[in-house]
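Residue-level structure breakdown
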Amino acid sequence: MVLCDRYRLESVLGRGVMGQVWRGLDLPLDRPVAVKTVATELLAVAGGRDAALARFYRETRAAARLNHANVATVFDASLSDDTYCLVMELIEGTTLEYLFDQHDNGRFDVPSAAAVGAQICAGLSAVHAAGLVHRDLKTQNIMIRRDGIVKILDFGLVKLLSDTDPRLTTTGEGVGNPFCASPELLAGRDRLDGRSDLYAVGCLLHHMLTGAPPFPAHQPALLASHHLATPPPLVADAGVEVPRDLQELITALLAKRPDDRPSSAAEVYAALAPHLPDPRPELAVRRTVPEDPRRPFLVPQGPLPL
């Protein structure tokens, strides 16, 4: 299948309530790309087709202006045969969710978790400066390339879809995944800021260090009530010891009120910096296999394996 007379869809990389993500090829440039497709009827729930199309281009233009190493680049946004398609860089690597299976007990050590968290915050600092809020940070849309670069996925359609159909937030079937959803997102507040994403960073840090989200539950309604009212657990409650300042950071990130959280992603990055892996140049040139899942955490943003 070829969309817009340009993008050949080759294989499905993932499926969800929003649509499908394909591995594709940009034919004129002979460039591999990722193509997210969404049916028009999903975006036209409120306001009609023309309004949905206007929102689609407005949000994807904002996402395309982002230029940061830790954010997946948006190349194009088009409409083809009643299907919206968002074309992004194809990232060769694996998701954060998959990497939990590569660590003992599904947990990361402190430097590994800090390496991922710091890069997420680096990307979010650019996102928030552009006036965007992701709203759906989760293990499935954090990817780690083989050279250690962490990439945040799914900008452009996240805010658009949640604005179009708030049920996608409350059901946890796509936008606003309940494992990392902030209290204000679950409460349906009209205006969110970057501190909602920082709550998700706190959830991800807790998950990386303990092997489980802070509020594990299979019923979305019960999980939402935990995020809204239950005090967050400590990492030590899972039998894991971490430095006191790191626990204090996670507790602050998981505060129910946005005003009680760190004010910016840059502030969180600075708090994580002391816990990053020690810079050891010999690791950057040690011969390793490209698929070694440990290397990105030993050498964050290092050169490709020899």
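Remember, predicted model here, so these are calculated numbers, not experimental data.

Rules used throughout
Per-chain numbering applies: the sequence of each chain, read as written, is numbered from 1 onward. Under the rules for a predicted model, residues below a pLDDT of 70 receive no local features and side-chain atom pairs below 80 are neither given nor counted, while totals for whole chains, interfaces and linings still include all residues. Each side-chain value is worked out from all heavy atoms of the structure, with water and hydrogens disregarded. The rule is simple: take the accessible area with a 1.4 Å probe, protein chains only, and divide by the maximum for that residue type; under 20% is buried, over 50% is exposed, in between is partly exposed. Strands here are runs of E lasting at least two residues and helices are runs of H or I lasting at least four, both read from the DSSP assignment and numbered beginning at the N terminus. Summarising the geometry, the arc corresponds to the directions from the helix axis toward the C-beta atoms. Only heavy atoms enter the contact rule, under which two residues are in contact if any of them lie within 4.5 Å. Note on terminology: a nonpolar core comprises buried Ala, Val, Leu, Ile, Met, Phe, Trp, Tyr and Cys residues joined through side-chain atoms within 4.5 Å. For this analysis, a ring pair means two rings from Phe, Tyr or Trp (six-membered ring only for Trp) whose centres lie within 6.5 Å, classed as stacked if their planes differ by under 30 degrees, edge-to-face if by over 60, and tilted for the remaining angles. Definition used: whenever NZ (Lys) or CZ (Arg) falls within 6 Å of the ring centre and also within 35 degrees of the ring normal, the charge is taken to sit over that ring. Whenever Lys or Arg places a side-chain nitrogen within 4 Å of a carboxyl oxygen from Asp or Glu, that contact is recorded as a salt bridge. By this definition, two strands are paired if DSSP reports at least two bridges between them. Whenever a helix is involved, its axis is fitted only over the stretch in contact; in every case the axis is a line through C-alpha atoms, and angles between N-to-C directions fall within 0 to 180 degrees. The quantity known as pLDDT measures the predictor's confidence residue by residue, on a range of 0 to 100.

1. Considerations on helix α10 (residues 244-253)
By the burial criterion, the buried members of α10 are Leu246, Gln247, Leu249, Ile250 and Leu253. Down the axis of α10, the smallest arc covering the buried residues is 155 degrees, so these residues share one side. Looking at α10, the residues exposed on the side facing more than 90 degrees away from the buried face are Arg244 and Glu248. On its buried side, α10 packs onto α4 (110-129), α8 (194-210) and α11 (265-272).

2. What to know about the nonpolar core
Here is a general trend for soluble globular proteins: nonpolar side chains tend to be buried in one another's company. Membership of the largest hydrophobic core comes to 42 residues, with the highest contact counts inside it found for Leu96, Phe108 and Ile120. Among the secondary structure elements, those contributing two or more residues to this core are α3 (96-99), α4, β8 (142-145), β9 (150-152), α8, α10 and α11. Ignoring anything within four residues of it in the chain, the contact list for leucine 96 reads Phe108, Val116, Thr139, Ile142, Ile144, Leu204 and Met208. Ranked by size, the runner-up nonpolar core spans nine residues in total, among them Ala63, Val74, Leu86 and Met88.

3. Some remarks on the environment of valine 38
With respect to the helices and strands, the residue valine 38 is situated in strand β4 (residues 31-39). Of the residues examined, valine 38 reaches a relative accessible area of 1% and is grouped as buried.

4. What about the packing of aromatic side chains?
For any pair of aromatic rings, the description rests on two quantities: the centre-to-centre distance and the angle between the ring planes. Per the stated rule, a full pass over the model turns up one aromatic pair. With centroids separated by 5.2 Å and ring planes inclined at 25 degrees, the aromatic side chains of phenylalanine 100 and phenylalanine 108 adopt a geometry described as stacked. On the basis of relative accessibility, which here comes to 4%, the residue phenylalanine 108 falls in the buried class. Over the ring of phenylalanine 75 we find arginine 31; its NZ or CZ atom is 3.8 Å from the centre of that ring.

5. A few points about the pattern of salt bridges
In this structure the tally under the stated criterion is twelve salt bridges. Between arginine 145 and aspartate 147 there is a salt bridge, with the nearest N and O atoms lying 2.4 Å from each other. A relative accessible area of 11% means that aspartate 147 is categorised as buried. With its nearest N and O atoms 3.0 Å apart, the salt bridge here joins arginine 257 to aspartate 260. Assessed through its relative accessible area of 47%, arginine 257 is described here as partly exposed. On the basis of relative accessibility, which here comes to 45%, the residue aspartate 260 falls in the partly exposed class. Sharing partners across several salt bridges, the network here consists of Asp193, Arg195, Arg257, Asp259 and Asp260.

6. Quick look at the sheet that holds strand β7 (residues 93-95)
Pairing is antiparallel in the open sheet, where three strands are placed in the order β7-β8-β9. Looking at which strands have only one partner, the edges of the open sheet turn out to be β7 and β9. In this sheet, neighbouring strand axes are inclined to one another by 30 degrees on average, regardless of whether the strands run parallel or antiparallel. Bridge analysis of β8 against β9 gives three bridges, and the strand direction is antiparallel. Paired with isoleucine 144 across the two strands is valine 150, which belongs to β9. The sheet contacts of α4 involve β8 and β9, and relative to β9 the element is tilted by about 45 degrees.

7. Re the confidence of the model for the protein
Confidence in the prediction for the protein averages 82 pLDDT; 78% of positions are at 70 or higher. At the low end of the mean pLDDT range in the protein sits helix α6 (residues 167-170), at 40; at the high end sits α10, at 98. Low pLDDT, under 50, characterises residues 164-176; the predicted model gives this stretch 32 contacts beyond four residues in sequence or across chains.

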